[in-house]
Amino acid sequence: MRFGFKTSPQGTTWDAMLAVWQAADGMDVFESGWTSDHFQALHGTDPATPRLEGWVTLAALAQATRRLRLGTLVTGVHHRHPAVLANMAATLDVVSGGRLELGIGAGWSQEESHAYGIALGTPRERSDRFEEACAVLASLLGPDSVTTFKGMYYELAGARCEPKPVQRPHPPLCIGGSGERRTLRTVARFAQHWNFDTGTPAEFRRAREVLRAHCERVGRDPAEIRLSAQVRLTGDPALTAAQAAEFAAEGADLAVVQLPLPYTPRVLEPLAVELAKVG
């Protein structure tokens with residue numbers, strides 16, 4: 001098993017996040033760093049809580065590190081037109097030297113979407129839009145010189161994305177979510193990495209089996225898709241490592257540890273010691 005960490009840019013400062021990422025960049029046990037992508041504070045937090053924009057933050061972190069792979073868990077595709085997101089992703093992959101993981105999801109926050117005047121839609125509409133967005137991203141970031149696409153939500157006519165990303169055919173599409181009928185089917189069709197956000201190892205196992213069934217139906221080898229799960233550091237690094245080991249036993253390749261606020265690099269070394277026992 002490999003390990004990453006996650007620092008959501010909410011209720012913190014740039015300096016605090018930077019210190020954590022730069023310290024982790026020097027610890028081989030951490031292969032990747034992740035942030036989240038929203039426009040205002042969520043999860044029951046005071047909406048006046050400061051929140052840094054996810055992709056600008058990620059670009060800055062790419063320049064402040066040399067080794068870590070990096071991505072968002074995850075970007076709701078309704079936040080930005082997928083053609084715009086493709087150009088952002090290609091540029092970030094170039095400036096990071098090919099370290100981007102393109103984390104995407106269908107979107108979920110009605111509160112945030114309403115506040116920003118962004119149409120979220122019904123669950124079915126979100127899923128339909130998400131599949132179209134994945135197709136647009138894969139085409140624009142892939143080897144095709146131009147992309148022409150006509151769907152219900154997106155329409156492109158000879159669109160270009162240059163320069164292409166460093167990673168070929170494109171940066172891994174990391175899809176977050178566990179919806180059995182639509183999300184996991186979309187993972188089977190488009191993703192190179194699936195992230196299980198919250199839940200138990202047993203729930204992860206069930207979702208993994210559903211994903212395998214979708215892969216069989218679309219003719220995809222499930223071994224082509226990396227599996228990851230998020231775990232929380234709540235104060236006891238040994239407990240966090242034990243939780244990661246439970247997901248590893250169910251087939252997870254990567255555990256992403258959500259670090260607690262306030263962010264400080266002091267938590268990394270004891271966490272790294274315990275995680276190394278699992279890996």
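This text goes with the structure placed above it.
Everything numeric in this text was worked out from a predicted model, so none of it was measured.

A.B. asks: Help me understand the packing of aromatic side chains in this model?
C.D. replies: The geometry of two aromatic rings is summed up by the distance between their centres and the angle between their planes. Under the criterion given, the structure shown has 8 aromatic pairs. Measuring from centroid to centroid gives 5.3 Å for F39 and Y116, while their planes differ by 45°, and the two rings are tilted. Here the residue F39 occupies a position in the loop between β2 (30–37) and α2 (54–64), and Y116 occupies one in helix α4 (residues 110–116), the gap between them amounting to 77 residues. For F39, a relative accessible area of 21% puts it in the partly exposed group. Judged by its relative accessible area of 44%, Y116 falls in the partly exposed class. Ring centres of F196 and F204 lie 5.5 Å apart, and the angle between their planes is 80°; on these two criteria the pair is classed as edge-to-face. For F196, a relative accessible area of 3% puts it in the buried group. An aromatic cluster of at least three residues, connected via ring pairs, comprises W194, F196, F204 and F247.

A.B. asks: Would you explain the side chain of T183 in this entry?
C.D. replies: Examined against the element boundaries, T183 turns out to sit in helix α6 (residues 183–190). The contacts of T183, once residues within four sequence positions are left out, are I175, G176, G177 and S178.

A.B. asks: What should I look at first to understand the nonpolar core in this one?
C.D. replies: Nonpolar side chains in soluble globular proteins tend to end up buried together. Of all hydrophobic cores here, the largest spans 68 residues; its most connected members are F30, I104, W194, L211 and L259. With sequence-adjacent residues up to four places away left out, F30 is seen in contact with F3, G4, F5, A24, R67, L68, L268, L271, A272 and L275. W34, L73, C174 and V256 belong to the second largest nonpolar core, which has 5 residues in total.

A.B. asks: Sorry if this is basic, but what is going on with the pairing of strand β7 (residues 173–176) here?
C.D. replies: Looking along a regular strand, one sees side chains alternate from face to face of the sheet. Side-chain alternation along β7 places L173 and I175 on one buried face and C174 and G176 on a second face that is also buried. Two elements, strand β4 (residues 100–105) and β7, share 3 bridges in a ladder whose sense is parallel. Across the sheet, L102 pairs through a bridge with L173, a residue of β7. Summarising the sheet, β7 and strand β8 (residues 193–196) pair through 3 bridges and their orientation is parallel. Paired with I175 across the strands is W194, a residue of β8. The handedness of the β7 to β8 crossover, carried by α6, is right-handed.

A.B. asks: How do you make sense of the pattern of salt bridges when you look at a structure like this?
C.D. replies: For side chains of opposite charge, pairing can occur when their charged atoms come near one another. One pass over the structure, following the stated rule, counts 17 salt bridges. Note that D37 and R80 form a salt bridge whose closest N and O atoms lie 2.8 Å from each other. Placement of the pair is D37 in strand β2 and R80 in the loop between β3 (69–76) and α3 (82–95), with a sequence separation of 43 residues. Grouping residues by exposure puts D37 and R80 together as buried. Put simply, E131 and R189 hold a salt bridge, and the shortest N to O gap is 2.9 Å. Here the residue E131 occupies a position in helix α5 (residues 123–141), and R189 occupies one in helix α6, the gap between them amounting to 58 residues. Residue classification places R189 among the partly exposed residues on the basis of a relative accessible area of 44%. By sharing partners, the salt bridges in this structure join R124, D128, E131, R182, R185 and R189 into a single network.

Quick notes on the rules
Residues numbered from 1 in each chain as written. Predicted model: local features only at pLDDT ≥ 70, side-chain atom pairs only at ≥ 80, totals over all residues. Heavy atoms only, no water. Phe/Tyr/Trp six-rings, centres within 6.5 Å; stacked < 30°, edge-to-face > 60°. Helix = DSSP H or I, 4+ residues; strand = E, 2+ residues; numbered from the N terminus. Buried < 20%, exposed > 50% of the residue type's maximum accessible area, 1.4 Å probe, protein only. Contact = heavy atoms within 4.5 Å. Core = buried A, V, L, I, M, F, W, Y, C linked by side-chain atoms within 4.5 Å. Pairing = 2+ DSSP bridges. Right-handed = clockwise from strand over helix to strand, strands pointing away. Salt bridge = Lys/Arg side-chain N within 4 Å of Asp/Glu carboxyl O.

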